[in-house]
Amino acid sequence: SCGSEQSAQKTTMLVASISRIEMTPRQIWAATVEDFDQDGDDDVFIGGHGQRHKDRIFYYDGERYQQGSFAFPYSKDRHACAGADIDLDGDLDLYCSAGANRGRGKKSNLLFKAVGVDGEYEKVTAFHGAEDAYGRGRFVRFLSADEDEYPDLLVTVWGEREDENRNASMLYRNDMERFTAVKTALPEEGGGRCLATLPSSNWPKLDDIVVCKGKKGASYYQNEGNYRFREHPLPFQDSWWVAFETINRVSTTPLVAGIVLNGGGGSLVVYDPKSLVAGDAEAILSRPISTRADLRTTQCLAKAMAVADINEDGHPDIFITRVERSDRQQACEGDGDLLLLGPDYRQAQQVKSVASGRSAWVYAANDHLLRLSGGERWEGDVEVIRFVKTTVSTR
């Protein structure tokens, strides 16, 4: 008895607490995390996909997300959105991409200008330059492509059109009054499945871009100024990439984290952009996405990831959502999602999958994560995942 007590050790564990944002049920494709009301807390715009529900911003009050009063106009086939102060008036504006009915129709990506009154927005109905009427729009990023103060815009596409109209990822220069398309070295469907932007390893005021290609392979595009981007192919050019995120570091450029499906349930790889630009494509970290107790690795595939310091130890951690290999519209059963703890990401903790549908995108916001469930077959949810440190005794 005495010996057992002496051998007892205390271990700190992270326990996931999962709740939902209260909202009208709808099909959800993606969400946008920004401090829309500029109060210091992240808010979230939740965009519907295929149903006639008007979308809203949900504002965080330090404890929960409250639905904003302004209803954005309905848009069929809405995909990703991004927020930025495009005219430097102090308010965050919103740009949203849309599909084109699988390449069978004409549409318009939408720009909403904040009017600065109680969270209201105006739809820009005049020509704004980035309508991209025929592109099957997917992901959106505002970035610094040149050295002026106005945020530029990257809009990616996915899937071929059924007609002969142009369908390509586009970079738009912000000319203050409208956007102007700029020719770049980006592949036509680059970034349609995964995309990240980060401060340039070459020019401090510019951003670099990392994208997965239309099918297999991925590349890092170094911004050389004047809208010139130099391509640096990543390894695994014969494999599918599904996600990219940046890992911020103190006083230096971020690292690039990616998920590649190169066998099993996928692998996490981390690169230093400076090494890629210097011609060294060797990853500084590469390991399979699994846990020792994870017996479903071969049945589950990684879907998306978010980076945040979950356990507050000063090292960014990585949360990964996963789906069934045999049916990617279904969640990986049971505790199917994973939290990988930094800095080496060897220690993994399984997290309960979404209650319905499948885990889709996941975002870091405030002191927690936002996880989306959704798909073409069901209405989606937005879950708030908080991790609480709990100390237990082990023998």
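That block above? That's the structure.
Here the residue numbers are simple positions, counted from 1 along each chain's written sequence. The model is predicted, so local features are restricted to residues of pLDDT at least 70 and side-chain atom pairs to those at 80 or more, both for listing and for counting; the totals for chains, interfaces and linings are taken over all residues. No hydrogens and no water enter the side-chain calculation; it runs on all heavy atoms of the structure.

Enquirer: Can you break down the pattern of salt bridges residue by residue, with the values?
Expert: Every case where a carboxyl oxygen of Asp or Glu lies within 4 Å of a side-chain nitrogen of Lys or Arg is listed as a salt bridge. Following the criterion strictly, the structure yields 16 salt bridges and no others. Salt-bridge contacts for lysine 113 lead to aspartate 89; the nearest nitrogen and oxygen are separated by 3.6 Å. Remark: aspartate 89 occurs in the loop between β6 (78-84) and β7 (93-98) and lysine 113 occurs in strand β8 (residues 110-114); sequence separation between them is 24 residues. Note on classification: 1.4 Å probe, protein chains only; a residue is buried when its accessible area is under 20% of the maximum for its type, exposed when over 50%, partly exposed between these limits. Accessibility expressed as a relative area gives 39% for aspartate 89, which makes it partly exposed. For arginine 371, the salt bridge is made with glutamate 383, and the minimal N-O distance between the two is 2.6 Å. Helix and strand assignments come from DSSP, with helices taken as H or I runs of at least 4 residues and strands as E runs of at least 2, each series counted from the N terminus.

Enquirer: With reference to specific residues and values, describe a negative patch on the surface.
Expert: A grouping of Asp309, Glu312, Asp313 and Asp367 is seen on the molecular surface, where their side chains present a negatively charged patch. For aspartate 309, the location among the structural elements is in the loop between β22 (300-308) and β23 (317-324). For aspartate 309, a relative accessible area of 32% puts it in the partly exposed group. Patches were defined on residues exceeding 30% relative accessible area and lacking a salt bridge, with like-charge contacts within 9 Å and nonpolar side-chain contacts (Val, Leu, Ile, Met, Phe, Trp, Tyr) within 5 Å. Note on areas: Shrake-Rupley with a 1.4 Å probe; residue coverage comes only from the protein chains shown. Here the positive residues are Lys and Arg and the negative ones are Asp and Glu; neither His nor the chain ends is included. Where a charge lies is defined by one atom per residue type, namely NZ (Lys), CZ (Arg), CG (Asp) and CD (Glu).

Enquirer: Tell me about the state of the cysteines, and name the residues and values.
Expert: Any two cysteine sulfur atoms within 2.5 Å of one another count as a disulfide. Inspection of every chain in the model, using the stated rule, returns 2 disulfides. Each sulfur in the disulfide pair cysteine 81 and cysteine 96 lies 2.1 Å from the other. Note on the cysteine 81 and cysteine 96 pair: the S-S dihedral is about 110°, so by sign convention the disulfide is right-handed. Note that cysteine 81 is positioned in strand β6 and cysteine 96 in strand β7, a separation of 15 residues in sequence. Cysteine 96 matches cysteine 81 in its accessibility class, with the two residues each being buried.

Enquirer: I'd like to hear about unusual backbone geometry, residue by residue, with values.
Expert: In this structure, the amide linkage connecting glycine 342 to the following residue, proline 343, adopts the cis form with an omega of 10°. Assignment of secondary structure puts proline 343 in the loop between β24 (337-341) and β25 (347-351). One non-glycine residue, aspartate 132, lies in the positive phi region at around 50°. Considering the arrangement of structural elements, one finds aspartate 132 in the loop between β9 (121-123) and β10 (137-143). A positive phi angle, near 60°, is found at tyrosine 345, a position not held by glycine. Turning to its location among the elements, tyrosine 345 is positioned in the loop between β24 and β25. Judged by relative accessible area, tyrosine 345 falls into the buried class, the value being 6%.

Enquirer: How would you explain the sheet that holds strand β5 (residues 65-67) if you had to name every residue and give the values?
Expert: In this analysis, strands are considered paired if DSSP registers two or more bridges between them. Sheet architecture is open: 4 strands sit in the order β2-β3-β4-β5, paired in antiparallel fashion. The two strands at the open ends of the sheet, each matched to only one other strand, are β2 (28-34) and β5. Sheet twist, expressed as the mean angle between neighbouring strand axes with direction ignored, is 25°. Pairing between strand β4 (residues 56-60) and β5: 3 bridges, direction antiparallel. Within the sheet, the bridge partner assigned to phenylalanine 58 lies in β5 and is glutamine 67. Fitted lines through C-alpha atoms serve as axes, helices being fitted only where they are in contact, and the angles separating the N-to-C directions of these axes extend from 0 to 180 degrees.

Enquirer: Got a sec to walk through the side chain of serine 239? Specific residues and values, please.
Expert: Take serine 239: it is sitting in the loop between β17 (229-233) and β18 (240-249). By relative accessible area, serine 239 is classed as buried at 13%. Residue contacts are counted whenever heavy atoms from the two residues lie within 4.5 Å of one another. If we skip the residues at most four places from it in the chain, serine 239 touches Lys216, Gly217, Val260, Leu261 and Asn262.

Enquirer: Give me the lowdown on the packing of aromatic side chains, citing residues and values where you can.
Expert: The rule is short: rings of Phe, Tyr and Trp, with Trp giving its six-membered ring, pair when the centres are within 6.5 Å, and they are stacked under 30 degrees, edge-to-face over 60, tilted in between. For the structure shown, the criterion picks out 12 aromatic pairs. A ring pair is formed by phenylalanine 139 and tryptophan 361, whose centres lie 5.4 Å apart and whose planes are at 75°; its orientation type is edge-to-face. Taken as a pair, phenylalanine 139 in strand β10 and tryptophan 361 in strand β26 (residues 359-365) lie far apart in primary sequence, 222 residues in all. For tryptophan 361, a relative accessible area of 14% puts it in the buried group. Taken together, the aromatic side chains of Phe45, Phe70, Phe72, Phe112 and Tyr121 make up a single cluster linked through ring pairs. Taking NZ or CZ as reference, lysine 303 lies 4.3 Å from the ring centre of tryptophan 361, over its face. Here, over-ring charges are defined by two tests on the NZ atom of lysine or the CZ atom of arginine: distance to the ring centre within 6 Å, and angle to the ring normal within 35 degrees.

Enquirer: Lay out the pairing of β23 in plain terms, naming residues and giving numbers.
Expert: Most of β23 is tucked away, with 8 of its 8 residues classed as buried. Direction of pairing for β22 relative to β23: antiparallel, over a ladder of 8 bridges. Looking across to β23, one finds that alanine 304 is bridged to threonine 321.

Enquirer: Go over the environment of arginine 249 with me, naming the residues and quoting the values.
Expert: Mapped onto the elements, arginine 249 comes out in strand β18. Note: C-alpha distance between arginine 249 and aspartate 37 (212 residues apart in sequence) is 27 Å. Other than its neighbours up to four places away in sequence, arginine 249 contacts Pro254, Leu255 and Asp272. Reaching out from arginine 249, the side chain makes a polar contact with the backbone oxygen of threonine 253 at a distance of 2.8 Å. The definition of a polar contact used here is a pair of N or O atoms within 3.5 Å, where within protein one atom must be able to donate a hydrogen and the other to accept one, and adjacent residues in sequence count solely through side-chain atom pairs.

Enquirer: Tell me about the nonpolar core, residues and numbers included.
Expert: Take the buried residues of types Ala, Val, Leu, Ile, Met, Phe, Trp, Tyr and Cys, join any two whose side-chain atoms come within 4.5 Å, and each joined set is a nonpolar core. Grouped together as the largest cluster of nonpolar side chains are 34 residues, with contacts concentrated most on Ile21, Tyr65 and Ile209. Elements supplying a minimum of two residues to this core: β2, β3 (43-48), β4, β10, β15 (207-212), β26, β27 (368-375) and β28 (378-394). With near-sequence residues (within four places) excluded, isoleucine 21 lies in contact with Val44, Ile46, Phe58, Tyr65, Leu370, Val382 and Val384. Counting residues in each nonpolar core, the second largest holds 21 residues, with Leu268, Val307, Ile318 and Leu340 among its members.

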